[in-house]
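Now for the letters of each chain:
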Amino acid sequence: MIKVGIIGAAGYTASELIRVLLYHPDVELDLVQSESQHGKAITEVHRDLIGTTDLVFESSFKKVADMDVIFLCKGHGESEKILEAYPDLLAKKIIDLSHDYRLSGDHDFIYGLPEINKAAIKAADHCANPGCFATAIQLGLLPAFFRKVVGGPVNISGITGSTGAGQSLSATSHFSWRSNNASVYKPLVHQHLQEINETLQSLDHTYNSRLLFVPYRGAFTRGIITTSHFETALSGSELHEIYVDYYSNHPFALVTNSNPDLKMVVNSNKGVIFPQVIDGVAVVVSVIDNLVKGASGQAVQNMNLMFHLEESQGLNLKHSAF
């Protein structure tokens, strides 16, 4: 059994991670750490887990020495501080769900998008989980950039549920503002563009145009829909074939012939991709659950690869169809 610890276990992504790990057949969840919830039963905070576990939040890092893998679920900027303060943690396998190590730099974290880095993840000790929008957008673009069939700028729009903003309350996350409402935020400057650009440049060094991304806040809790469009010389059937071929060895990237919707993927680790060509323009829709494939499910997928388990182990989750 793989002994697992979670540092920063009180938020949305940690809650989803705990839910998945408790049902994983090869995992023993031994440590759920949170300074803010120290001493409380997990089920007092993550109430959907009632009857599932009797684990209690711990504040210290003492039990980390006994863990085989550590998931870092603290806020952005916190993982780097933790590893600087506790360098012995680097001797363990680590999967970081913050943005601290997603970009290339002076570290050994592998970018944890299995649909491009599967072999490297299998050999990694430290893995940086991608962002949720970054995951959805890249699933929609990887095959096209791999085959170098993208012409001109890529225009991207995407809408995300309120859980993408995290558990802490803000002016744009509480119900009375979000319900029956929508808004644009961070147009053209969203932080996930950096990791997306780095990945796509690695696939096509000759691409010298821009990714123009406009994100939206949606009046729902879970899920992401992105639409990317760019000029291409391919026919619709040729583009579809490229996507099917690229994802043939990736169990959670599913190419469809029909327009997808969120409820096809919510509560699951699936990413559903719909490529088509309209009047010389490729239009690619991709949908994921931001908390599963966009965060915790993908983190477990990376853990499976790092421990040479079946990639889908513990991740055959039922989506919410209605």
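Up top you'll find the structure we're talking about.
A short tour of the structure in this document, coming up. As the structure is a prediction and not an experimental result, all values here were calculated from the model.

## Quick word on the packing of aromatic side chains
One pair of aromatic rings is described through two measures. These are the centre distance and the angle between the planes.
Okay, so step 1: One pass over the structure, following the stated rule, counts 6 aromatic pairs.
Okay, so step 2: Taking 4.9 Å as the distance between ring centres and 75 degrees as the angle between the ring planes, the aromatic pair formed by Phe145 and Tyr207 counts as edge-to-face. Remark: Tyr207 occurs in the loop between helix 7 (192-203) and strand 9 (211-217) and Phe145 occurs in helix 5 (residues 132-146); sequence separation between them is 62 residues.
Okay, so step 3: With relative accessibility at 9%, the residue Tyr207 sits in the buried group.

## Some remarks on the packing of helix 1 (residues 12-22) against helix 9 (residues 292-306)
Okay, so step 1: Across the interface, helix 1 lies against helix 9 with an axial gap of 9 Å and an inter-helix angle of 45 degrees. When the axis of helix 1 is compared with that of helix 9, the two are oblique. For helix 1 against helix 9, the interelement crossing comes out right-handed. Contact residues: Thr13, Glu16, Leu17, Arg19, Val20 and Leu21 in helix 1; Val292, Ala295, Ser296, Val300 and Met303 in helix 9.
Okay, so step 2: The class makeup of the residues in the contact of helix 1 with helix 9 is 7 nonpolar, 2 polar and 2 charged.

## Points about helix 8 (residues 236-246)
Okay, so step 1: Regarding helix 8, the residues found buried are Leu239, His240, Ile242, Tyr243 and Tyr246. For helix 8, the angular spread of buried residues about the axis comes to 155 degrees, placing them on one side. Summarising the geometry of helix 8, the exposed residues directed more than 90 degrees from the buried face are Ser237, Glu241 and Asp245.
Okay, so step 2: Those residues of helix 8 that are buried are in contact with helix 4 (114-122), helix 5, strand 10 (224-231), strand 11 (253-255), strand 12 (271-278) and strand 13 (281-288).

## Observations regarding the sheet that holds strand 12
Okay, so step 1: On the basis of which strands lie adjacent, the open sheet formed by 7 strands has the order 8-9-7-10-13-12-11 and mixed pairing. Every other strand in the sheet has two partners, leaving strand 8 (183-184) and strand 11 as the edge strands with one partner each.
Okay, so step 2: One ladder, built from 7 bridges, connects strand 7 (residues 151-160) with strand 9; its direction is parallel. Note on strand 9: the bridge partner recorded for Ser157 is Val214.
Okay, so step 3: On top of the sheet, helix 8 reaches strand 10, strand 11, strand 12 and strand 13; it is set at about 155 degrees to strand 12, its chief contact.

## A few points about the packing of helix 5 against helix 9
Okay, so step 1: Where helix 5 contacts helix 9, the axes come no closer than 8 Å and their chain directions differ by 100 degrees. Between helix 5 and helix 9, the angle is such that the two are roughly perpendicular. Contacts between helix 5 and helix 9 involve Cys132, Thr135 and Leu139 from the former and Lys293, Gly294 and Gln298 from the latter.
Okay, so step 2: When grouped by side-chain class, the residues that make up the contact of helix 5 with helix 9 number 2 nonpolar, 3 polar and 1 charged.

Criteria and cut-off values
- Residues numbered from 1 in each chain as written.
- Predicted model: local features only at pLDDT ≥ 70, side-chain atom pairs only at ≥ 80, totals over all residues.
- Heavy atoms only, no water.
- Phe/Tyr/Trp six-rings, centres within 6.5 Å; stacked < 30°, edge-to-face > 60°.
- Helix = DSSP H or I, 4+ residues; strand = E, 2+ residues; numbered from the N terminus.
- Buried < 20%, exposed > 50% of the residue type's maximum accessible area, 1.4 Å probe, protein only.
- Axes fitted to C-alpha atoms, helices over the stretch in contact; angles between N-to-C directions.
- Parallel < 35°, antiparallel > 145°, perpendicular 65-115°, else oblique.
- Left-handed = near helix turned anticlockwise from the far one by under 90°.
- Contact = heavy atoms within 4.5 Å.
- Nonpolar A, V, L, I, M, F, W, Y, C, P; charged D, E, K, R; others polar.
- Arc of directions from axis to C-beta.
- Pairing = 2+ DSSP bridges.

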